[in-house]
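Single-letter residue listing:
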Amino acid sequence: MLLGRLVGSVLLATLLCIASVARADAGSNGPLQVGLMRYAMLTGHPWSVLTDAPKQPEGQALLLRGLARAELGMDDGASADLQKVAAGQGRNVARAQLGLARIAIDRGQDAEALQWLRKALPGLKGSDRQQALFKLSDIERRKGHLEASAGDLGKMDDGYWAALGYMNLATAYATLDSDPSRTLVALHVAAAMLDGHKRKRDLELLDRINLIAGYLTVKAGQYDSALGFLNHIRLDSYYAPQALYLHGLAQSRQDDYRDAMQFWHRARKYPLAFEGVADASMGMGLAFDESGYLGQAGDAYLGATSAFEAELVNIRKLEDQVHKEGAWKAMMVASRGDNVEWFLADSKSLSTPRQAYLMRLMESPKAQAAARRVAELAKLDRRLAEQQHNLDVFAGMLQERLTRVRTSGTGAAMSTVRARLASLQTQYRLLEARLKKATASNDLESLVSGDLAQQFALLETLRRQAVREHANASTMARIDRLHGLLVWRAEEQESLNSRQLEATLQQSGQDLDRLATSVSAFDDRLAAAPDHFRRLLARVKAQQKAVADSRNQLVSLRQRSEKLFDQETLAFLQAQGERIATWRDRSNQEIAHLYEYLAITQRDKRQQGGGQ
C-alpha cells in the first residue's frame, strides 16, 4: 500500500514534469484539448491524459483527469477532481459518481460505493450503466444478498457485463447448494447474455461459463450434459486443457476409457502449467490400468514421471533467470520473443512453457498489479528519456545561437544599414525641398512625370546637340515649338502631377520612417538577444535537471517495483514446482503400486502352480 502511494506521488511529479516540458501552456478546455484527452483515455494511456490536461481543467477535461488519476492509482487527486465534477451539473456528473464508486470499491468501502452507484445510475447510459449495475450486483453478491444481486442483473442489457454478473452469481449459488440446478440455470442465463456477441473477451467468457457448467455436471454425475457444455469450448481457448481433461473424465466415469484416453492425449499437448494437463497425464495410466493393459499403464506413468521431471527442470531454469535478470525481463520481455508453434486444430499448443506460466501468474491480482506498476514506470521512463533527448537538442541549439550572436558580424552589418538609411533620408529631404521649390516657382518641367518627363528630357538632349552642331534657325525654331507644346501639356497636367509627386514622396517618407523604426527595434532586440538566449538556456537547463531528477526517482521506484514483482513471481514458481513435484510423487506411487500388484500377481501364480 505504501509503495502504491509512493508510485502515485512520483507518477504525478513525473507527469507534471513531462507536461511542463511538452508545453508552456496547456491551452483551453476546448473540443480539441478534450478530444486529445479522450483519445488517450480510450487507447489506454492515462498518463497522456494528465500531460494533455489544461492547467485549470473544467467540465469533461476535469472528469477525464480524475478518471486518469484513478487509473494510475492516484486516488486522493482523483477523488478531489471527481468530487468537484459530481458537485456540479450536467452530463458529466453521473460519470464522476461512477468513478468515485470505483475508487470506493478499490478501497474496500462497499457502503460508500453503493451510495455513489445509486446516485449515478439514473444519469448513466450504455456501457457506463452496464458497469454500474454490474458493480452494484457484485457488491450485493459479496454481502450475501443474492436476490438483490439477481434483481440488479435483471435490469441489465445483454452483453459481457451481464454475462459476467450471472456467472459470478452462479458461483455464489454453487458454494451454497449441493444440488447444481440453481447454479446451472444462472449459467444458462449467462451464456444467453452472450448470444450474438463475438468479441474476443465475449468468447473467452463463454468458454469459462461452459467450463464451470461442465465441471459441475461431471461432479453431479450428469455426464451427457457435461459433454454438451464441454464440446462448446474452443480448442485455442485458455480453458481448453481443463475442458479436454473433464471431457475424458466424463467418458471414463461411463467406462468409455478408449474415448477418455483420446481426449487426455490431446490435453497432454498443452504445457503442464495449465490446469488439467497433469491430471490428463495421470489419467492415461489410470485408463490403461482400468482397461487391463498393465504394461501400457506402467509406460504411461513412466512417461508422466519423465514429463514432470522435465517440467521441474524448466521451472528451476525460470527461477534462475528471475534471480539473475529479474521477473520483468525473464517473464514479460522474454515471452514476447518466444516462437509459438501452432499445429493442427486437434493438437494446438496454447503457448510455450514460459508464456503458459506467465498466463497463470497473471491470474493473481497481486501479480497483475505488480506487473502493471512496472510497465507504467517503464513507459514513463521512456517518455522522460524522449523528453531528455529533446531538451538536450534544444539546449544545443540555444547555445549555438548564443555563440553566433556573440561572434557574428551583425553589428557591422547594422552600421552599414543605418548609414544607408541616413543617406536615403537625406535624399528624401532634398527631394521634398525641390518639390516645394518647383511648386512655388511654377517649374513645370520639375513637376512632370512619366512619359511627359521623358519627352522633356529627350527634347533637352536634342537642344544641346543642336547647339553643339550650330544648327540653323529653322531647326532651333522647331525645337522651341516642340518645347512650347510640351509646356502646354505640362500646364494641363500640373495639378495632377503635383498631387502624384506629393503622394509618392509622402509614401516614401512613411516607408523610411517605418524602416527607421524597424532598424531601431532590431537594434534593441539585437542588444537584448544574448540575455534572452541565456534566460531560455537557463530554463531549459532547469527542465533538464527536473527530468533527470524524475528519472532518478523512477529508477529507484522501478527497482523496488520490480523487486516486488520478482517476489510474486518466485513465490508463484515455487508453488508451481511444489505442484509438479506432488504430481511426480503421485506418478511414482502409482508405478510402485502397479509393480507391487504385478509382483503379488506373479507370486500368486507361482504359488498356485506349486500347489498343483
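The rules we used
Residues numbered from 1 in each chain as written. Predicted model: local features only at pLDDT ≥ 70, side-chain atom pairs only at ≥ 80, totals over all residues. Heavy atoms only, no water. Helix = DSSP H or I, 4+ residues; strand = E, 2+ residues; numbered from the N terminus. Buried < 20%, exposed > 50% of the residue type's maximum accessible area, 1.4 Å probe, protein only. Contact = heavy atoms within 4.5 Å. Areas by Shrake-Rupley, 256 points an atom, 1.4 Å probe, with all protein chains shown as cover. Arc of directions from axis to C-beta. Phe/Tyr/Trp six-rings, centres within 6.5 Å; stacked < 30°, edge-to-face > 60°. Lys NZ or Arg CZ within 6 Å of the ring centre and 35° of its normal. Salt bridge = Lys/Arg side-chain N within 4 Å of Asp/Glu carboxyl O. Expected span 1.5 Å × (residues − 1).

## Examining the overall build of the protein
Part 1 of the reasoning: Looking only at helices and strands, one finds 25 helices and zero strands in the protein.
Part 2 of the reasoning: When burial is assessed residue by residue, the protein has 41% of its 612 residues classed as buried.
Part 3 of the reasoning: Within the protein, residue pairs in contact and separated by at least 24 positions form 66% of the contacts whose partners lie at least 6 positions apart.
Part 4 of the reasoning: Of the roughly 33,700 Å² that the protein leaves accessible, carbon and sulfur atoms contribute 52%.

## Digging into helix H9 (residues 146–154)
Part 1 of the reasoning: Of all the positions in H9, only Leu 146, Ser 149, Asp 152 and Leu 153 are classed as buried. For H9, the angular spread of buried residues about the axis comes to 120 degrees, placing them on one side. Across H9 from its buried face, at more than 90 degrees, point the exposed residues Glu 147 and Gly 154.
Part 2 of the reasoning: Among the structural elements, helix H8 (126–142) and helix H10 (160–176) are those in contact with the buried residues of H9.

## Here we look at the packing of aromatic side chains
Part 1 of the reasoning: Summed over the entire model, instances satisfying the criterion amount to seven aromatic pairs.
Part 2 of the reasoning: Pairing Tyr 238 with Phe 274 gives two aromatic rings, centres 5.4 Å apart and planes at 85 degrees, and the pair type is edge-to-face. Residue Tyr 238 is found in the loop between helix H13 (223–230) and helix H14 (240–253), and its partner Phe 274 is found in the loop between helix H15 (257–267) and helix H16 (277–291); the two are separated by 36 residues along the sequence.
Part 3 of the reasoning: Taking the relative accessible area as the measure of exposure, Phe 274 reaches 2% and is therefore buried.
Part 4 of the reasoning: Both rings, one in Tyr 357 and one in Phe 572, keep their centres 6.3 Å apart while their planes meet at 70 degrees; by these two values the pair is edge-to-face. Here Tyr 357 is found in helix H19 (residues 353–361), whereas its partner Phe 572 is found in helix H25 (residues 494–611), with 215 residues between them in sequence. In this pair, the class of Tyr 357 matches that of Phe 572, namely buried.
Part 5 of the reasoning: Members of the aromatic cluster, joined through ring pairs, are Phe 134, Tyr 160 and Trp 161.
Part 6 of the reasoning: Over the face of the ring belonging to Trp 116 we find Lys 119, whose NZ or CZ atom lies 4.9 Å from the ring centre.

## Brief notes about the pattern of salt bridges
Part 1 of the reasoning: The final tally for this structure, using the stated rule, is 23 salt bridges.
Part 2 of the reasoning: The partner of Asp 81 in a salt bridge is Arg 69, and the shortest N-O contact between them spans 3.1 Å. Pair noted here: Asp 81 is in helix H5 (residues 75–86) and Arg 69 is in helix H4 (residues 59–71), with a separation of 12 residues, a long-range link.
Part 3 of the reasoning: Looking at Asp 81, the relative accessible area reads 2%, which means it is buried.
Part 4 of the reasoning: The salt bridge partner of Asp 128 is Arg 95, with a shortest N-O separation of 3.5 Å. Here Asp 128 is found in helix H8, whereas its partner Arg 95 is found in helix H6 (residues 92–106), with 33 residues between them in sequence.

## Observations regarding H14
Part 1 of the reasoning: Relative to the 20 Å expected for 14 residues at 1.5 Å per residue, H14 spans 20 Å between its end C-alpha atoms, a close match to the ideal helical length.
Part 2 of the reasoning: A large share of H14 lies buried, amounting to 12 of its 14 residues.
Part 3 of the reasoning: Those residues of H14 that fall on the buried side of the exposure criterion are Ala 240, Pro 241, Ala 243, Leu 244, Tyr 245, Leu 246, His 247, Gly 248, Leu 249, Ala 250, Gln 251 and Ser 252.

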